Amino acid sequence: MENNRNSEDRIAQINKVVKNYFTTHTDKDWIPAKDIMEDLIEAGVFNKDNKKGLPLRKVLRNLDKENALDTIPSVHCERTDTAVYWYLVREGATFTPNEAITSVSKKEKSIAKRESSDEFYIIDLCDELLKEKASRKHTFAFLLGDMHKKGKTRTKLPLAAFYEGANVAIEFNEKFTKTEQSDKLDVMTVSGITRGEQIEKYNKRRRDVLEKKNINLIEIDYSAFECDHTKSLIRNKDQDINVLKKILKQYIK
């Protein structure tokens, strides 16, 4: 109940800040949502900004999942196949989608695509269950790929997530459609093996190295969850949480 009240208070504060913004910026009819973060921080709605508006995007994503975006009437979202772009529009003003989309930088598109990915969604759920914020795309100095072509450097092998408190690393089995399998897995790498062989090699290396370091590794396959014909998750949160509870049961407090 208290959480709901806190959420309602935050939404009321956001609406107040947005209204004040458009009152004082009469030349603006709409803005990317990230542009109001400075005002929200100044008003005490958020403590700080990171990743160009991530705190606000999290609020908007949660409202979107709950079909409650109308609680912030100024919000407008542009949806593509891979991402959602958030904007704030003055009451009574007209939004111009073409101009808005072309104003988004490549970096912002990359961030939006990553945050809307199935991996990001599953890690969000793991954060909830483990009551800990994961270090995403985590790397260890001792977990390295093969030597690069010039024989001088090696890339750190990333893990989808690492929970220091639970001492758990999470990695996902890559998902490919049949077309992608033939197009990508047979491609030769600089190590002299195919992409498919390299994936298997690096997966084994993660298991062996982390076991020696006494770090628990959980490998999650997307097929454990309900997917559509493109192998994208349906995202039934209740069902997905039940699946994760079984996978993470020994680490959930």
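For clarity, every value in this text was computed on a predicted model and none was experimentally measured. (Residues numbered from 1 in each chain as written. Predicted model: local features only at pLDDT ≥ 70, side-chain atom pairs only at ≥ 80, totals over all residues. Heavy atoms only, no water.)

**Q** How would you sum up helix α9 (residues 237–247)? Please name residues and give values.
**A** Those residues of α9 that fall on the buried side of the exposure criterion are D240, I241 and L244. With its buried residues spanning 100 degrees around the axis, α9 presents them on a single face. Seen from the open side of α9, the exposed residues pointing more than 90 degrees away from its buried face are D238 and K246. Turning to α9, the residues buried within the fold contact α6 (118–130) and β9 (216–220). (Buried < 20%, exposed > 50% of the residue type's maximum accessible area, 1.4 Å probe, protein only. Helix = DSSP H or I, 4+ residues; strand = E, 2+ residues; numbered from the N terminus. Arc of directions from axis to C-beta. Contact = heavy atoms within 4.5 Å.)

**Q** Explain the sheet that holds strand β4 (residues 135–138) to me, using residue names and the numbers behind them.
**A** In spatial order, the strands read β4-β7-β8-β9; together these 4 strands make up an open sheet with mixed pairing. The open sheet has two free edges, formed respectively by β4 and β9, since each of these has just one partner strand. Each neighbouring strand pair of the sheet contributes to a mean axis angle of 30 degrees, computed without reference to strand direction. Bridge analysis of strand β7 (residues 159–163) against strand β8 (residues 168–172) gives 3 bridges, and the strand direction is antiparallel. For A161, the partnering residue across the bridge sits in β8 and is I170. Packing against the sheet, α6 makes contact with β4, β7 and β8, and its axis sits at approximately 10 degrees to β7. (Pairing = 2+ DSSP bridges. Axes fitted to C-alpha atoms, helices over the stretch in contact; angles between N-to-C directions.)

**Q** Tell me what's going on with the sheet that holds strand β1 (residues 30–32), and back it up with residues and numbers.
**A** One open sheet holds the 3 strands; their spatial order is β1-β3-β2, and the pairing between them is antiparallel. Each edge of the open sheet is held by one strand with a lone partner, namely β1 and β2 (75–79). Averaged over neighbouring strand pairs, the angle between their axes works out to 30 degrees when direction is ignored. The pairing of β1 with strand β3 (residues 84–89) spans 3 bridges and is classified as antiparallel. Residue pairing in the sheet places W30 in a bridge with V89 of β3. Against the sheet, helix α3 (residues 54–65) engages β2 and β3, with an angle of about 100 degrees to β3.

**Q** I'd love a proper account of the packing of aromatic side chains, names of residues and values included.
**A** Working definition: an aromatic ring pair is given by the centre-to-centre distance plus the angle between the planes. Scanning the entire structure with this criterion turns up 7 aromatic pairs. Seen from their ring centres, Y21 and F22 are 5.5 Å apart, and the 90 degrees between their planes marks the pair as edge-to-face. The pair formed by Y21 and F22 is uniform in burial state, with each residue classed as buried. For the ring pair F172 and Y222, a centre distance of 5.2 Å and an interplane angle of 15 degrees mean the geometry is stacked. Of this pair, F172 sits in strand β8 while Y222 sits in the loop between β9 and α9, and the two are 50 residues apart along the sequence. Neither F172 nor Y222 differs from the other in exposure class; each is buried. Taken together, the ring pairs connect W30, Y87 and F95 into an aromatic cluster. When the ring centre of F120 is taken as origin, the NZ or CZ atom of R136, which lies over that ring, is 4.2 Å away. The ring of F142 is capped by K213, whose NZ or CZ atom sits 4.8 Å from the centre of that ring. (Phe/Tyr/Trp six-rings, centres within 6.5 Å; stacked < 30°, edge-to-face > 60°. Lys NZ or Arg CZ within 6 Å of the ring centre and 35° of its normal.)

**Q** Go over the side chain of E171 with me, naming the residues and quoting the values.
**A** With respect to the helices and strands, the residue E171 is situated in strand β8. For the buried E171, no salt bridge is present, and the opposite-charge side chain at shortest range is R206, 4.2 Å distant. One polar contact links the side chain of E171 to the main-chain amide nitrogen of A160, over a distance of 2.9 Å. (Lys, Arg positive; Asp, Glu negative; His and termini not counted. Salt bridge = Lys/Arg side-chain N within 4 Å of Asp/Glu carboxyl O. Polar contact = N/O pair within 3.5 Å; in protein donor to acceptor, adjacent residues only side chain to side chain.)

**Q** Give me the lowdown on the pattern of salt bridges, citing residues and values where you can.
**A** If you walk through the whole model with that rule in mind, you get 13 salt bridges. K201 is the partner of D146 in a salt bridge, and the nearest nitrogen-oxygen pair spans 2.9 Å. Taken as a pair, D146 in strand β5 (residues 144–147) and K201 in helix α8 (residues 195–212) lie far apart in primary sequence, 55 residues in all. Of the residues examined, D146 reaches a relative accessible area of 13% and is grouped as buried. Given a relative accessible area of 35%, K201 falls into the partly exposed group. With a shortest N-O distance of 2.6 Å, E219 and R207 are connected by a salt bridge. With a gap of 12 residues between them, E219 in strand β9 and R207 in helix α8 connect regions that are remote in the sequence. Salt bridges sharing common partners tie together D124, D127, K133 and R136.

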